[in-house]
Amino acid sequence: IKNKIYHMLNCKIAKGIAAECETTIGGILRLAFANYDDSYATTWTSSDSGTCEVDSLALVNGEHAYEVNFLDGSGLAEVELNVGDSTDQKNFTHRITMNLAKLDCNLLEQYKNWSLAHVIAFVQQKDGSVYAYGVNNGLAATTFNYSSGSATSDAVGVNAVFEGVQLDAPLKIKDWATVKALFPTEG
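One structure accompanies this document, and this report is about it.

What counts as what
Residues numbered from 1 in each chain as written. Predicted model: local features only at pLDDT ≥ 70, side-chain atom pairs only at ≥ 80, totals over all residues. Heavy atoms only, no water. Phe/Tyr/Trp six-rings, centres within 6.5 Å; stacked < 30°, edge-to-face > 60°. Helix = DSSP H or I, 4+ residues; strand = E, 2+ residues; numbered from the N terminus. Buried < 20%, exposed > 50% of the residue type's maximum accessible area, 1.4 Å probe, protein only. Salt bridge = Lys/Arg side-chain N within 4 Å of Asp/Glu carboxyl O. Core = buried A, V, L, I, M, F, W, Y, C linked by side-chain atoms within 4.5 Å. Contact = heavy atoms within 4.5 Å. Pairing = 2+ DSSP bridges.

### Points about the packing of aromatic side chains
Thought 1: Applying the stated criterion across every chain yields a total of six aromatic pairs.
Thought 2: Plain terms: the ring middles of F33 and F162 are 5.3 Å apart, the flat faces sit at 45° to each other, and that makes the pair tilted. Linking F33 in strand β1 (residues 28-35) with F162 in strand β10 (residues 156-166), this pair joins segments that are 129 residues apart in sequence.
Thought 3: Take F33: its relative accessible area is 2%, and that puts it in the buried class.

### Details of the pattern of salt bridges
Should the charged atoms of two oppositely charged side chains come close, the side chains can pair.
Thought 1: Throughout the structure, instances matching the rule amount to five salt bridges.
Thought 2: In this structure, the salt-bridge partner of D72 is K126, at a minimum N-O distance of 3.2 Å. Placement of the pair is D72 in the loop between β4 (65-68) and β5 (76-83) and K126 in the loop between β7 (118-125) and β8 (130-133), with a sequence separation of 54 residues.
Thought 3: Look at D72 and you get exposed, because its relative accessible area is 65%.
Thought 4: When salt bridges with common partners are traced through the structure, they connect E78, E80, R95 and E163 into a single cluster.

### Points about the nonpolar core
Thought 1: One finds L31, F33, I96, M98, L100, F144 and F162 to be the most contacted residues of the largest nonpolar core, which totals 20 residues.
Thought 2: Sequence-distant contacts of F144, defined by excluding residues within four places in its chain, comprise L100, L107, Y111, W114, S115, V158, N159, A160 and F162.
Thought 3: In this structure, A34, L171, W176 and F183 belong to the second largest nonpolar core, which totals 19 residues.

### Details of the pairing of β7
Thought 1: Where burial is concerned, most of β7 is hidden: six out of the eight residues are buried.
Thought 2: Pairing geometry for β1 and β7, over seven bridges, is antiparallel. Directly across from A34, in β7, lies its bridge partner I120.
Thought 3: As judged from the four bridges shared by β7 and β8, these two strands associate in the antiparallel manner. Counted as the bridge partner of Q124 is V130 from β8.
Thought 4: Hairpin connection between β7 and β8: a loop of four residues separates the two successive antiparallel strands, and G128 in this loop has a positive phi of roughly 100°.

### Describing unusual backbone geometry
Of all residues except glycine, most have a negative phi; of all peptide bonds, most are trans.
Thought 1: The phi dihedral of N61 is positive, around 55°, even though this residue is not glycine.
Thought 2: Assignment of secondary structure puts N61 in the loop between β3 (52-58) and β4.
Thought 3: Classification of N61 by relative accessible area gives exposed; the value is 71%.

Structure follows, in structure tokens:
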């Protein structure tokens, strides 16, 4: 009997990661959400350096993206690696966290929809970078809780967390104008 050699999956890296000697600003500047659909289309621009970013987004069935105002300093966008029973079984949890300032008539009207919706999140970081989270499978609310603290200075509003397991890292979007083109036209 021959010895069998079992090989782990071997996804090879193709580049190093360069150190950037510059300052950065953390945090989220803007958030927008669109209803998830697996038939959304993206087009890519690719440079010779291998950097690629989405330069066009198209939603289906007349869908739009909607910007969400949240309390400054309460927005968080993160990606967590999940490892299954084997180290070869991996995927990513995309998570968006935010605090909405208050429970008003507009939010009350949409409270159930937001808590039950399946969405894609568009995030503009304070450094100007823009990413789309939840593109593979969408994000769903795992927390959508209204609270008013016991002290007079405690926060009053909704703490919302949207998350979902994805196959890939977030998509890099060219700029916020690419996302803003998905907003409904005013008129």
